[in-house]
Structures are given as structure tokens and as C-alpha cells.
Amino acid sequence: MVLYTSPFPNGFLSALHSFSWGLIFPCYWLGDRLVASFVPTTYEKRQRADDPCYFHALCVFITTPIYLALLVVSLPFALIGFLLWSPLQSARRPYIYSRLQDKGHVNGGTLLTEWKAASNGKSFCFGSANVCLLPDSLARLNNVFNTQARAKEVGRRIRNGASRPQIKIYIDSPTNTSISAASFSSLVSPQSGDSNNRVVSAGIKRTTSMEYKGDNSGSNNSEESKDAKAGGEPNEGEDNNTCIVRIGGEDNGHISDPEADGTGGQMNSRGPADRSPESEAESLKGQTPNHKQKEGDSGSLDSYTASRESLVKARAGDGPVDQSTVNSKLLYKASIMKKTSVRKKKNTDEAFDHEISAFFPANLDFLCLQEVFDKRAAEKLKEQLHHYFEYVLYDVGVYSCHGCCTFKFVNSGLLFASRYPVMDAAYHCYPNGKGTDSLASKGALFLKVQVGSTPQDQRIVGYISCTHLQALAGDTTVRCEQLDLLQDWLSDFRKSTSSSSTANPEELVAFDVLCGDLNFDNCSSDDKLEQQHSLFTRYKDPCRLGPGEDKSWAIGTLLDPEGLYDEEVCTPDNLQKTMESEDGRRRYLVFPTSKTHGSSQKGRKAALKGNGRRIDYMLYTDEGLYLEWKVEVEEFSFITQLAGLTDHLPVAMRLMISTGEEDP
């Protein structure tokens, strides 16, 4: 299948579309700004409460007549543009496929060779998030604003979180380690030229994800290294940029200096002082007031104010601490993952690890986003994601009356990014949208990616589907119909893109993952039909025990918009700590509605079971995969790194594809 790199089949139609949109855009922008000026967010309300001169009211009083006058002037041009733009949509393609053209940063093809080097299988990491990138006037209804700046910051946070190396910390004695539960500073600094795992002697069994202060140039780790031995314990399937730190009880919990011990790599001397003014300006550019970094905030990995407290405490037993020495070595920050090594699980009730993390997982392979409705924001987001992901599909959907029953003003809002080559893609629009949802071309995006090849040159592929269902409360029947369509489309896509036969397989399927914002939760009494849908008999939900009951560690993914700018949740670290407490979840998460309880938010929260509305899903299946392989969840994460940028918590899942001792 040919992937569409432009929205129209020829340059003439593209130019005509650009001209028509140029006539429409001034009217669209003026209308958006006019409405946005009358829909303040809680952050703006708090600022205005401290303004004794009512400066904002004066600005609105002056600008409103200007906006209205310009809007009236632009209307005739917008009408002409619309008459040109609307029929052009019948020739428009359903998505735009973008591949990074900078050959110095491209390594998707190199990643395909890693499968051959993995003797017992390979793991793949999937992420999903609703980022609420609507036109600014509509985004304010969800209490977020400045869509263009948020798009850039969302992309920066995702790619910085995913591009850092994954750090494994093994704890032999968990007592007296003095490592904080939220973040810590490490002396370990992985070097770009060293692809082997490094071990810093000390002794713990705990896993962390580290912030990498690299150049974030988008160069993914493309060399598959040999598995290193950490204290004689082999760790199969470990990524090549994993750094291992060992902390033992014998050392009273201090982190040994790799230079003194001689077991670690060389120290990286790059720090805040080495950062150029241009680089510093880039990190601040585009940030809106609601996500300015505070000291110790690790949400944006451009911040260098790492927490020093744990390290200073940990080294206190060694005598006086030289603060200048500490500062020169604090080049990384970490979010402690609530999990331990394969040998000793902290979560004994689960076969896999789960956590609330302040970072996107290291080595994120695939990313599915929803509500990327604004086209300019999608471009900015794509440019940021291309620093890490080589392949991006965006502007997915249809416009006007083409392909759907009702007129569509905006696209589906779906965006897909991948480190691995995309082989095929297809999009379908749900024909039964109701209310305001019918104005968007909500649907499903289906993708087939190549993730490797066998020694016999058989392609190893995976299937990923991303969707966004009807949002309005009470539309249970609509969502069930959409789930039915989703299953039919999934089956058709698998059949149409398969080039294998049972007797002579040319392709081996490694995984089949479905993710997105399904707009129903598994605990609400109002969502019983969706909870019992046949989709969940084919696809497995790692967070679910059964219809109407989630696992105890699963939390809601929909934040209460009114509290987005409270100090307890406005930074990734603070949001992580808040979500780890039951009181915090009850205060800042939206809980499912119930027919038997009152309409007040507090009343609903007190009466309902569960930990909030979990409407963002990450599902997988082992049906239709290569029979000799086994698919298992390795870890599942709820992510707080987009705090202050969206009203959803992203989710991530890492799958381990076990192939056995020999390749097929």
C-alpha cells in the first residue's frame, strides 16, 4: 500500500487548497480569538483577581470592537474560500505521512536488525494520550489555553522523556537507602559511545527511569549491544542504553562514586553552565504561564534544577559534602518507578510491573495521540516528535461531507508516531456521531509496522490501532455501535494487509495493540453495555479484572479540569505524588456518574468504588499472532509528565515478545 505524503494527489489541488484556506483563515482566527477572550481559564481568573486595575477588562473592552469589525470584513473572503475549500475535500487523502528526511538522525531501518540479535525475544513500548489540542476557544472549555504553545511543549516533553536512557537500580537491602520516592540525583552518566550496560557498585533492587541530558537530536539507540551481567545476574532482552546502578546495605545506602570505585563509566561534564543561550531560549520558547518550571520540576526535561536532597543525605556518612562537586555531577534526574527486578517483584499480585511515573517510558517505540484537532498545532507537535520518532502520521480524517453522513469541520484528532517503518495505514470514520461529536470526523486509524526480520528473511510485523469514541454522556448505544464497527474494520485491515499463508508464512505477527480514548470507564454503572462488549473477549485490558471491576492499582485518567492549576497537580512530580494518594485522587480525578447518586462531584466521589474514570485504554491480544511466540505485559504506567498541558493522564504499556531459545 502506498502511504500518502501529501493531502492531495497533485500540486495544483494542493495550491488551490492552500489558497482557499488562506481566504478562510483570517475569519477563523478572529472568531476564535473573539470567543476565547470571553472564556477565561481558572489560571487567568486567579491572575485577574490580583489585578486591582482590571487591565484585562480594559483590553477586552478595546479589542472586542476591533475583532468584530475585522470579522465582518473577512466574512466575504471566508465565504469565497469555503466555496472553493469544501468540494476539494472529496479529493483529499485521509492522512499525511511524514518521514524524517535528516539522514543523520534516521535509524528506523537499523532498528529492524535488533530482532536478529535478540535470542529470547524483544520488548516494545506503546504510549497513548489525549492532548486536547483544539482551537483555543474550544480548548478553554476544558480549562486549558494557548494551544500552539502547548503543542510544542507536549512534543518536547514526550520526546525528551522517551529519549532518556532507562536506568535499572537493584536494591539488596531496602533499608537506610535515603532515596526519595519521587526523584533522585545520580552520578551515573551513560556515554553515547558506550553501548554496554554499566554497573555502579552499591546493591539495590529497584527500577528507575532517568532523565537524559543529551542533545535530544533524535538519534535513537540503533546499535544492539550484548547483554551485560549485573552482579552475575543476566537480564534477557535488556535495551542497549540501560544503565545499571547497584546499591548495597553494606555501604549504608550511599551511592558510590564511579570514579572512585572504578566500575562506572566516565562522568559527563555537561551541565547547566555549558548550555548555550540559544539552547536556553529554545527551552523556554512556547511555554505558556501554566507550565512554567518550578525548582525541582522534572516535567520538562529542559529544566536543570534537579533535586539534590537525596544525594546529599546519601553521602552524608562519607563526611563533609563539597557542594560544588555535587553540582557538577548532578546531570540527571529520575522518577522512581514503583517496581523491582524480575527476580523479586514488589507487586506480588501481578505478573508485571505497574506504576505512576513522572516521565514517559524510556525507549518509547509507538505513540498514539487523540484530540490533535488544530492543524497548526499538529504541525508544531509533529516537528517536536520528529526529534525522536522517524515516522509520523497526522491530520488524520476527512472534512466537509466526504466519506461521512454529516458535515465535518475538523479532522479525527488522531496522530501516530513510530520509531519503526510503517508498512500500511487505513482510516475509517464513524458514521453515527451525535451532537457536537458529529462535527468532527472521529474514527479509527489502523497501522501495520515492520519491527524486524528473522534469519530466514521473514518480515516480523505488528498491528496498532488508535481510536476516539463518542464523548457525550448517555450515548452508550452509539459507543457500542462504534465498537462493533471497530472490530469489523480491524478484521478487514488484517485480511487486506496480510501477505502470508499458513503453509508459507512470509510475515510473522508479533503483536496486535489497540489504544485510545474510549470515553467510558470500567466502574460506572452507566457504562455497563460498553464494559460487557465482545471487544474485551478478544483484547485484554491489563488494568481490568472483569466487567465493572478494575484492579486495585489502576487509577482514572480523566482529571478534574477545575483543579489543573492547583499547586498539588501543576507539575509532573506534584501530580505523581497526588495520584499516589487516595485523598489526592478523590480530589483531582473525575469519578464516574451514577444514576443512584446526586449530581454533586463530592457526593459522587464518596459513593463510588474505583480510583476515578479510566477512559484511556491500552489493550492487546494474543490471537492471530505467530503461534510459537508468547506475548506478555512487562510493565504498565500512568504518566504525569503532561501536567498542566492536558486534562488526561497518558498511559503506556511495554510488551515482551518471547520467542524461545532459537529464532523461527
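These numbers were taken from a predicted model, which means no experiment stands behind them.

What counts, and where the lines are drawn
Residues numbered from 1 in each chain as written. Predicted model: local features only at pLDDT ≥ 70, side-chain atom pairs only at ≥ 80, totals over all residues. Heavy atoms only, no water. Salt bridge = Lys/Arg side-chain N within 4 Å of Asp/Glu carboxyl O. Helix = DSSP H or I, 4+ residues; strand = E, 2+ residues; numbered from the N terminus. Buried < 20%, exposed > 50% of the residue type's maximum accessible area, 1.4 Å probe, protein only. Pairing = 2+ DSSP bridges. Axes fitted to C-alpha atoms, helices over the stretch in contact; angles between N-to-C directions. Parallel < 35°, antiparallel > 145°, perpendicular 65-115°, else oblique. Left-handed = near helix turned anticlockwise from the far one by under 90°. Contact = heavy atoms within 4.5 Å. Nonpolar A, V, L, I, M, F, W, Y, C, P; charged D, E, K, R; others polar. Core = buried A, V, L, I, M, F, W, Y, C linked by side-chain atoms within 4.5 Å. UniProt positions renumbered as here; feature names shortened; annotations may be inferred. Patch = residues over 30% accessible without salt bridge, like charges linked within 9 Å, V, L, I, M, F, W, Y side chains within 5 Å. Areas by Shrake-Rupley, 256 points an atom, 1.4 Å probe, with all protein chains shown as cover. Lys, Arg positive; Asp, Glu negative; His and termini not counted. Charge placed at Lys NZ, Arg CZ, Asp CG, Glu CD. Phe/Tyr/Trp six-rings, centres within 6.5 Å; stacked < 30°, edge-to-face > 60°.

Side note on the pattern of salt bridges
Enumeration according to the criterion identifies 28 salt bridges in this entry. With a shortest N-O distance of 3.0 Å, R157 and E153 are connected by a salt bridge. A residue pair is termed a helical-turn pair when its members lie 3 or 4 positions apart in one helix, as R157 and E153 do in helix α7 (residues 147-163) at four residues. Residue R494 is joined to D512 by a salt bridge in which the shortest nitrogen-to-oxygen separation is 2.9 Å. Pair noted here: R494 is in helix α13 (residues 476-497) and D512 is in strand β18 (residues 507-517), with a separation of 18 residues, a long-range link.

Here's the deal with the pairing of strand β15 (residues 422-429)
Across the eight residues that make up β15, a large majority, six, are buried. Here β15 pairs with strand β16 (residues 443-453) via seven bridges, running antiparallel. Across the sheet, C429 pairs through a bridge with G443, a residue of β16.

Thoughts on the packing of α7 against helix α12 (residues 375-385)
For the pair α7 and α12, interaxial distance at closest approach is 8 Å and the crossing angle is 20°. By the criterion of interaxial angle, the relationship of α7 to α12 is roughly parallel. Of the two elements, α7 crosses α12, and the hand of that crossing is right-handed. Taken together, the residues of α12 that come into contact with α7 (itself represented by T147, Q148, A151, K152, V154, G155, R156, I158 and R159) are R376, A377, K380, L381, Q384 and L385. Split into classes, the residues belonging to the contact of α7 with α12 amount to six nonpolar, four polar and five charged.

Looking at the nonpolar core
Grouped together as the largest cluster of nonpolar side chains are 90 residues, with contacts concentrated most on F366, F416 and F511. Counting residues per element, this core draws most heavily on β18, at seven residues. Judged by nonpolar contacts, the second largest core, of 28 residues, contains A129, I158, A162 and L415.

Concerning the packing of helix α1 (residues 11-36) against helix α3 (residues 55-88)
Across the interface, α1 lies against α3 with an axial gap of 7 Å and an inter-helix angle of 150°. One finds that α1 runs roughly antiparallel with respect to α3. When the axes of α1 and α3 are compared, the crossing they make is left-handed. Grouping the constituent residues of the contact of α1 with α3 by class yields 23 nonpolar, six polar and one charged.

Observations concerning the UniProt feature "transmembrane region" (unreviewed entry) in the protein chain
Taking the numbering used here, the UniProt-annotated feature "transmembrane region" (unreviewed entry) corresponds to residues 12-31 and 52-85. Taken end to end, residues 12-31 comprises 100% helix and 0% strand; its first and last C-alpha atoms sit 29 Å apart.

Topic: a negative patch on the surface
Negative charge collects at one region of the surface, where E481, D484, D488 and D492 lie side by side. Along the polypeptide, D484 turns up in helix α13.

Observations regarding unusual backbone geometry
Positive phi, close to 60°, is recorded for N363, a residue that is not glycine. With respect to the secondary-structure elements, N363 resides in the loop between β11 (353-357) and β12 (366-372). Among the residues examined, N363 registers a relative accessible area of 6% and is labelled buried. Despite not being glycine, D457 shows a phi value in the positive range, around 65°. Examined against the element boundaries, D457 turns out to sit in the loop between β16 and β17 (459-468). Looking at D457, the relative accessible area reads 61%, which means it is exposed.

Focus: the packing of aromatic side chains
This structure, assessed with the given rule, holds 33 aromatic pairs. For the ring pair Y463 and F493, a centre distance of 6.0 Å and an interplane angle of 90° mean the geometry is edge-to-face. With Y463 in strand β17 and F493 in helix α13, this pair connects stretches of sequence that are 30 residues apart. For F493, a relative accessible area of 6% gives the class buried. Aromatic rings pair up to connect F124, F126, F366, F416, Y420 and F511 into one cluster.

Structural notes on the sheet that holds strand β22 (residues 630-639)
As summarised here, the arrangement of the eight strands in space is β1-β13-β14-β12-β2-β23-β22-β11, forming an open sheet in which the pairing is mixed. Two strands lie at the open edges of the sheet, namely β1 (96-99) and β11, each paired on one side alone. Neighbour to neighbour, the strand axes of the sheet diverge by 15° on average, direction disregarded. Across the sheet, α7 lies against β2 (121-133) and β12, angled at about 165° from β2, the strand it touches most.

Focus: the environment of F638
Residue position: F638 is located in strand β22. For F638, a relative accessible area of 1% translates into the label buried. Taking the C-alpha atoms as reference, F638 lies 4.7 Å from V651; in sequence the two are 13 residues apart. For F638, the contacting residues outside a window of four places in its chain are E355, I356, S357, C543, W553, A554, I555, T557, R614, P650 and V651.

Observations regarding the sheet that holds strand β21 (residues 616-621)
Spatially, the five strands line up as an open sheet ordered β15-β16-β17-β18-β21, and their pairing is mixed. Single-partner strands in this sheet number two, and they are β15 and β21. Each strand axis lies, on average, 15° off the axis of its neighbour in the sheet, ignoring direction. In the sheet, β17 pairs with β18 via ten bridges, with the strands oriented parallel. Bridge pairing in β18 links H468 to D517. Where α13 meets the sheet, it contacts β15, β16, β17 and β18, and its direction lies at approximately 35° from that of β16.

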